[in-house]
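Listed here are the chains, written in short residue letters.
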Amino acid sequence: MKRLLQLLALAVLILLAVLLYHTLTLPQADSRVAELPDLPQAMDEDAMVGRLAAALRFPTLPDQPDAFVGFHDFLRDSFPLTHQTLSLKAFGHSLLYHWDSKNDCPPQLLLAHQDVVPVSSPEKWQKPPFAGVVDDDFVWGRGALDDKGSLMAILEATEALLQSGQAPACDVYLAFGHDEEIGGREGAVKMAAWLEQQNLRFALILDEGGMMLPGSTLGMDRPVALMGIAEKGYMTVELQAEAEPGHSSRPPERTAIGDLAAAIHHLQTHPRPASLSLPTRKMLEQVAPHQSFAKRLVFANLWLFEPLIIRQLEGKPETNALLRTTMAPTLLEAGVKENVLPATANATLNFRLAPGETRDSLRAYLQNELPDNISVTSKGAFLSDPSAVTDIPSASFDRLAALARALPEQPVVAPYLLIAGTDARHYQHLSDQVFRFMPVSLGQDDLARFHGHNERLPRKQYPHMVRFYAGLMLGQ
Ligand SMILES: [Zn+2]
């Protein structure tokens, strides 16, 4: 007995030593800070903010071609040096700019999209969604965050560098799609194909997707700059249950609606397995040095604590989505009359595929879990496997991180998995360094403004966004 206790004590000691060793040998946090270039005196900040507001007045929706034409004229008028110096190629309403640096080094590609999502309830907005209103604190309007804020800041940065006689370190391409919100087939896909035909490989591709959020999101005092290094895949399927139609006065044991409801319930209670995928692991690794000792010990020993962390992250929808392929039932259709049993019942399920999942593995799961009387068909034009995961650490990541740290918020930089989709996925074969980040700092509540009501960009941050993109183009 005594010997057993001794052995046990020894095992505990060894375990503690291993945990401590991993905690104390965690790599030091990278803390390099770049210098953001100053903007030329002639570039008045109010005028820049005014141009962003003006950009928001063009309702660049898929069914409004005139708005795109007007927007393009506006860009030409607003950024004269850019349009004199850079070459411009149009793909429908999409715009691809090329800034020749005359240097022979790998180019970078900055992405943003011109199109916006429609406004469902304009009466719920504090300012009209397409009025481009500027007040003391914000620039208001549909597209301020998603994604004309980035688009305009990138062009302001280009114009600013040209005004001050500066050129980029290596060639810069700017690709501004016009149909990101509906899949990017006519914009991003075609521009990416053209870039591929030119045999271009990019040192870095940057799109929207990540941003700065309060550090409390990850248990820190300082804000965190979330740099997307991967995005989830997307697939929608329709389930259909069939049954004998008939009179509701003598219902059979099984009905189409009952079978369909059972199928949805089964999938909801048998979700795809949760795990810490590579981007989420890397996120925890990067924030670990900034945590309390107890948390550092947990994050440094994922080999032991992974189940514990998963259980915690599963508790909230936004962190659960980082762990697994999620399913959301979004449409339901069955029946024609209150006293008639329908012959069919249909449900639409929207899946977001975690890294490691594929559309094929998801189909196999559905086939496995669902009974034979439920048919499954793919639906919609949006279909994508999860993106590749950008390999970090890397020179490009370090450069972006150093620029982000130079922003006034002085954030801790962490890679992460984007749970939504961006145009970046269409360009991923052109670089192994694809990132999703917009240099803007938001509150947790602001996330609902993307595609929601009262979209707005904090006006004081805008000049710093411009400086961030200018620094990136200069190769800092
Ligand atoms: Zn967007």
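All of these numbers come straight from a predicted model, not from anything done at the bench.

1. Some words on the sheet that holds strand β14 (residues 344-353)
- Overall, antiparallel pairing links the four strands, which are arranged β12-β14-β10-β15 in an open sheet. The sheet is open, and its two borders are formed by β12 (326-334) and β15 (374-384), each paired with just one other strand. Along the sheet, successive strands turn relative to each other by an average axial angle of 20 degrees, direction set aside.
- The strands that helix α12 (residues 359-369) touches are β10 (233-242), β14 and β15; relative to β14, the one it contacts most, it runs at about 140 degrees.

2. Observations concerning the packing of helix α1 (residues 2-24) against helix α10 (residues 302-313)
- One can describe the packing of α1 onto α10 by two numbers: an axis separation of 12 Å at closest approach and a directional angle of 90 degrees. With respect to their mutual orientation, α1 and α10 come out roughly perpendicular. Contacts from L15, V18, L19 and H22 of α1 reach α10 at W303, L304 and F305.

3. What about the coordination of the zinc ion?
- For the zinc ion, the full set of protein donor atoms is H113 (NE2), D146 (OD), E208 (OE) and E208 (OE), and the range of their distances to it is 1.9 to 2.3 Å.
- Here the donor residues for the zinc ion map to a single chain with the spacing H-x32-D-x61-E. On the criterion of sequence distance, the pair formed by D146 in the loop between β5 (138-140) and α5 (148-163) and E208 in the loop between β7 (204-207) and β8 (212-213) is long-range, its members being 62 residues apart. For the pair D146 and E208, one class covers both residues: buried.

4. What to know about the pairing of strand β3 (residues 108-113)
- For β3, the tally of buried residues reaches six of six residues, placing the bulk of the element in the interior.
- Where burial is concerned, the two faces of β3 agree: the one with Q108, L110 and A112 and the one with L109, L111 and H113 are both buried.
- For β3 and strand β6 (residues 172-177), the ladder comprises six bridges, and the chain directions are parallel. Paired with L109 across the two strands is Y173, which belongs to β6.
- Across three bridges, β3 lies against β7 in parallel orientation. Residue pairing in the sheet places L110 in a bridge with L206 of β7.

5. Topic: the sheet that holds strand β18 (residues 456-458)
- On the basis of which strands lie adjacent, the open sheet formed by three strands has the order β4-β5-β18 and antiparallel pairing. Each end of this open sheet is capped by a strand with a single partner; those strands are β4 (133-134) and β18.
- Across two bridges, the pairing between β4 and β5 is antiparallel. Among the inter-strand pairings, V134 is bridged to a residue of β5, identified as V139.
- Lying on the sheet, helix α2 (residues 45-55) is in contact with β4, β5 and β18; it crosses β5 at an angle near 20 degrees.

6. Looking at the packing of aromatic side chains
- Within this structure, the stated rule accounts for ten aromatic pairs.
- Aromatic side chains Y173 and F202 sit 5.6 Å apart centroid to centroid with 85 degrees between the ring planes, which places their arrangement in the edge-to-face category. Taken as a pair, Y173 in strand β6 and F202 in the loop between α6 (188-197) and β7 lie far apart in primary sequence, 29 residues in all. Both residues of the pair, Y173 and F202, count as buried.
- A cation over an aromatic ring shows up here: K148 above the ring of F71, its NZ or CZ 5.2 Å from the ring centre.
- Of note, R456 hangs over the ring of F138, and the distance from its end group to the ring centre comes to 3.7 Å.

Each value, and the rule that gives it
- Residues numbered from 1 in each chain as written.
- Predicted model: local features only at pLDDT ≥ 70, side-chain atom pairs only at ≥ 80, totals over all residues.
- Heavy atoms only, no water.
- Pairing = 2+ DSSP bridges.
- Helix = DSSP H or I, 4+ residues; strand = E, 2+ residues; numbered from the N terminus.
- Axes fitted to C-alpha atoms, helices over the stretch in contact; angles between N-to-C directions.
- Contact = heavy atoms within 4.5 Å.
- Parallel < 35°, antiparallel > 145°, perpendicular 65-115°, else oblique.
- Donors = N, O, S within 2.8 Å, 3.2 Å for Na, K, Ca; no water.
- Buried < 20%, exposed > 50% of the residue type's maximum accessible area, 1.4 Å probe, protein only.
- Phe/Tyr/Trp six-rings, centres within 6.5 Å; stacked < 30°, edge-to-face > 60°.
- Lys NZ or Arg CZ within 6 Å of the ring centre and 35° of its normal.

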